[in-house]
Amino acid sequence: MINVTKPFLPEFSDYVKYLESIWERGWLTNNGPLVNDLELKLKEFLTLDHLLYLSNGTIALQIAIKALDLKGEIITTPFSYVATTSSIVWEGCKPVFVDIDKSTLNIDPSKIKEKITPQTSAILATHVYGNPCDVEAIDQIAKEHGLKVIYDGAHSFGVKYKGKSIFEFGDISTTSFHATKLFHTIEGGAVATKDPAILKKMASLRNFGHSGPETFDGVGVNGKNSEFHAAMGLVNLQNIGAIMDSRKKQAQVYDNALATLRVQKPQIQRNTDWNYSYYPVIFDTEEQLLKAVEVLNAHWIYPRRYFYPCLGGLPYVDKTELPVTEDICARVLCLPMYYQLKNEDIEYISRLLLRVQNH
Ligand SMILES: *Cc1c(COP(=O)(O)O)cnc(C)c1O
């Protein structure tokens, strides 16, 4: 069976070494030494000033919204994982959807202004498939209208834009280290910011609002992560070069094998070092997509419709017409891609897809 993704597992013995150190210390969670070490190494690898390691990428979004004290309406993308929208609603704000650009599949900056009202407090956009949003245009609009910017970078680990980590953009960037992501710590996530005051606020929010052992400076939550999760992160970080290289090579194998398949691919932003975190293809019609899925499933291959359905159709949001997103959601499919996937598998998947097309 081949799924769309499969978690990377490092050498068991490498993980056990960290477990032994946890047993020796008896320190299991609450910002222990492995959590601190992981934060340091992530900042080094991603070239970031500030980063906080959290329990998951959803709490990262919620903490980001809280830290910026956002109220009212948040302009967001309807083409993302549900956590992007649900976090806004969970924090008592209203998501206002702006349609996506049909070539990059990210929020279309030219459609943002018409959705800004006196209630708008921020823009929360996702770098879909790790492809950077038009950060310059979004930044410009935010400045003009006094809005905050949060980027959901759950797909964009290791991505660089104009030589800088993509997590440097916006007031806060969030990410996810869930087992299915490019870099993972089983469960996990992070927030990054350049502003030390926002960092301090988020550190307090992560830890129940504690400002000292017996003092609190506000309402907080438990967003901490454990030594066991940090250990997985530290071991996986030792393998990140190999993981990222393999993705790029697998994408090339797909590109070659699928050269004659009539599909579109998202256009990657200029000046980007991309991470090849997904292999999305956009069919001409939903019918062709469904036929491809059916044939692949019959051969125990399970691609995923990332993202389907459009978030504008969630039962707890105002219905919005989003023609580009709805059209893309109906036609886009992510093909299997993970470290252990063999070139033969990619070629096999590709042959099946071509066979569907030529029938
Ligand atoms: C995975 C994902 C999240 C949620 O991250 P978790 O760590 O699973 O909570 C949020 N946004 C996007 C775009 C994601 O893909």
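Q: So what exactly am I meant to see when it comes to the sheet that holds strand β7 (residues 160–161) here?
A: Picture the strands of a sheet paired through backbone hydrogen bonds; they go either parallel or antiparallel. Here we have three strands laid out as an open sheet, ordered β8-β7-β13, and antiparallel in their pairing. Only two strands of the sheet have a single neighbouring strand rather than two, namely β8 (164–165) and β13 (272–273). By the bridge criterion, two bridges tie β7 to β13 in an arrangement that is antiparallel. Across the sheet, residue Tyr-161 finds its bridge partner in β13, namely Thr-272.

Q: Explanation requested: the site of the ligand in the structure shown.
A: Within the structure, the ligand sits among 15 residues, and Gly-57, Thr-58, Asp-152, Ser-176 and Lys-181 are positioned closest to it. Backbone polar atom of Gly-57 to an oxygen atom of the ligand: 2.8 Å apart, as the coordinates give it. Ser-176 places a polar side-chain atom, nitrogen or oxygen, 2.7 Å from an oxygen atom of the ligand. Taking 380 Å² as the accessible area of the ligand by itself, protein coverage stands at 91%. Among the secondary structure elements, those contributing two or more residues to the shell around the ligand are α3 (57–67) and α4 (82–90).

Q: Explanation requested: the domain arrangement of the chain in the structure shown.
A: Reports often express the size of an interface as the amount of accessible area lost when the parts come together. Domain annotation for the chain reports domain 1 (2–238) and domain 2 (240–357). The gap between the C-alpha centroids of domain 1 and domain 2 is 24 Å. Around 4,200 Å² of area is buried between domain 1 and domain 2 when both sides are counted, 65% of it from carbon and sulfur atoms. Taken as a group, Ile-2, Val-4 and Tyr-129 account for 21% of the area that domain 1 buries against domain 2, more than any other trio of residues on that side. Its salt-bridge partner being Lys-94, residue Asp-318 comes within 3.1 Å of it at the nearest N-O pair. Connecting domain 1 to domain 2 are 24 residue pairs in polar contact (both at pLDDT 80 or more). Looking at the side of domain 1 that touches domain 2, the elements with two or more residues in it are β1 (2–3), α4, β4 (94–97), β7 and α7 (227–238). Looking at side-chain class alone, the side of domain 1 that touches domain 2 contains 26 nonpolar, 15 polar and 11 charged residues.

Q: Would you take a moment to explain α3 for this structure?
A: Side chains of residues three or four places apart in an α-helix project in the same direction, reflecting 3.6 residues per turn. Counted residue by residue, α3 has nine buried out of 11 residues, so it is predominantly covered. Inspection of α3 places Gly-57, Ile-59, Ala-60, Leu-61, Gln-62, Ile-63, Ala-64, Ile-65 and Ala-67 among the buried residues, and these make up the whole buried set. N-capping of α3 is provided by Asn-56, with a side-chain oxygen placed 2.9 Å from the backbone N of Thr-58. Where α3 ends, the next residue or the one after it, Asp-69, has phi of about 55°, a positive value.

Q: Please clarify how the packing of aromatic side chains should be interpreted in this entry.
A: By convention here, two paired aromatic rings are described through the distance between centres and the angle between planes. Summed over all chains, the structure comprises 16 aromatic pairs. Residues Trp-274 and Tyr-276 carry aromatic rings whose centres are separated by 4.8 Å and whose planes lie at 40° to one another, so their mutual orientation is tilted. In this structure Tyr-276 comes out as partly exposed when scored by relative accessible area, which is 22%. Members of the aromatic cluster, each reached through a chain of ring pairs, are Phe-45, Tyr-53, Phe-157, Phe-177 and Phe-183. Arg-305 extends its terminal NZ or CZ atom over the ring of Tyr-308, reaching a point 3.7 Å from the ring centre.

Q: What is the right way to look at the confidence of the model for the chain in this model?
A: Any segment with low pLDDT has predicted coordinates that should not be analysed in fine detail. Mean pLDDT over the chain works out to 97, with 100% of the residues at or above the 70 mark. Between the elements of the chain, mean pLDDT differs from a low of 93, seen in strand β11 (residues 210–212), to a high of 99, seen in strand β6 (residues 148–152).

Q: How should the environment of Glu-187 be read in this particular structure?
A: Within the secondary structure, Glu-187 is located in the loop between β9 (172–176) and β10 (189–192). Taking the C-alpha atoms as reference points, Glu-187 and Leu-54, 133 residues apart in sequence, are found 9.0 Å from one another. Residue contacts for Glu-187: discarding those within four places in its chain leaves Tyr-53, Ser-55, Asn-56, Phe-177, His-178, Asn-225 and His-229.

Q: Would you mind going over the nonpolar core with me for this structure?
A: A general trend in soluble globular proteins is that nonpolar side chains are found buried together. By size, the foremost hydrophobic cluster in this structure holds 49 residues, and its most contacted members are Ile-112, Ile-138 and Phe-157. A total of six residues in this core trace back to one element, the largest contributor, which is α7. When residues of this core are sorted by domain, at least three fall in each of domain 1 (2–238) and domain 2 (240–357). Residues contacting Ile-138, with those up to four places away along its chain left out, are Ile-107, Ile-112, Ile-123, Ala-125, Cys-133, Val-149 and Tyr-151. If you look at the next biggest cluster of nonpolar residues, it comprises 25 residues, including Ala-251, Ala-292, Leu-296 and Leu-354.

Q: Teacher, can you tell me more about the sheet that holds β6 here?
A: Read across the open sheet, the seven strands follow the order β2-β10-β9-β6-β5-β3-β4; overall the sheet is mixed. Whereas interior strands pair on both sides, the edge strands pair on one side only; in this sheet they are β2 (51–54) and β4. Here the average twist between neighbouring strands, direction ignored, is 25°. Here three bridges tie β6 to β9, and the two strands are oriented parallel to one another. Each residue of the ladder has a partner; that of Asp-152, found in β9, is Thr-174. Across the sheet, helix α6 (residues 196–206) touches β2, β9 and β10, and the angle it forms with β2 is around 15°.

Q: Explain the environment of Glu-227 here, please?
A: Its location among the elements puts Glu-227 in helix α7. By relative accessible area, which is 0% here, Glu-227 ends up buried. A C-alpha to C-alpha distance of 6.3 Å links Glu-227 and Gly-32, two positions 195 residues apart in sequence. Setting aside anything within four residues of it in sequence, one finds Glu-227 in contact with Ile-22, Arg-25, Trp-27, Leu-28, Thr-29, Gly-32, Pro-33, Leu-34 and Val-35.

Criteria and cut-off values
- Residues numbered from 1 in each chain as written.
- Predicted model: local features only at pLDDT ≥ 70, side-chain atom pairs only at ≥ 80, totals over all residues.
- Heavy atoms only, no water.
- Pairing = 2+ DSSP bridges.
- Helix = DSSP H or I, 4+ residues; strand = E, 2+ residues; numbered from the N terminus.
- Near = heavy atom within 4 Å.
- Polar contact = N/O pair within 3.5 Å; in protein donor to acceptor, adjacent residues only side chain to side chain.
- Areas by Shrake-Rupley, 256 points an atom, 1.4 Å probe, with all protein chains shown as cover.
- Domains from an automatic or database assignment.
- Buried area = accessible area lost by both parts, 1.4 Å probe.
- Salt bridge = Lys/Arg side-chain N within 4 Å of Asp/Glu carboxyl O.
- Nonpolar A, V, L, I, M, F, W, Y, C, P; charged D, E, K, R; others polar.
- Buried < 20%, exposed > 50% of the residue type's maximum accessible area, 1.4 Å probe, protein only.
- Phe/Tyr/Trp six-rings, centres within 6.5 Å; stacked < 30°, edge-to-face > 60°.
- Lys NZ or Arg CZ within 6 Å of the ring centre and 35° of its normal.
- pLDDT = per-residue confidence, 0-100.
- Contact = heavy atoms within 4.5 Å.
- Core = buried A, V, L, I, M, F, W, Y, C linked by side-chain atoms within 4.5 Å.
- Axes fitted to C-alpha atoms, helices over the stretch in contact; angles between N-to-C directions.

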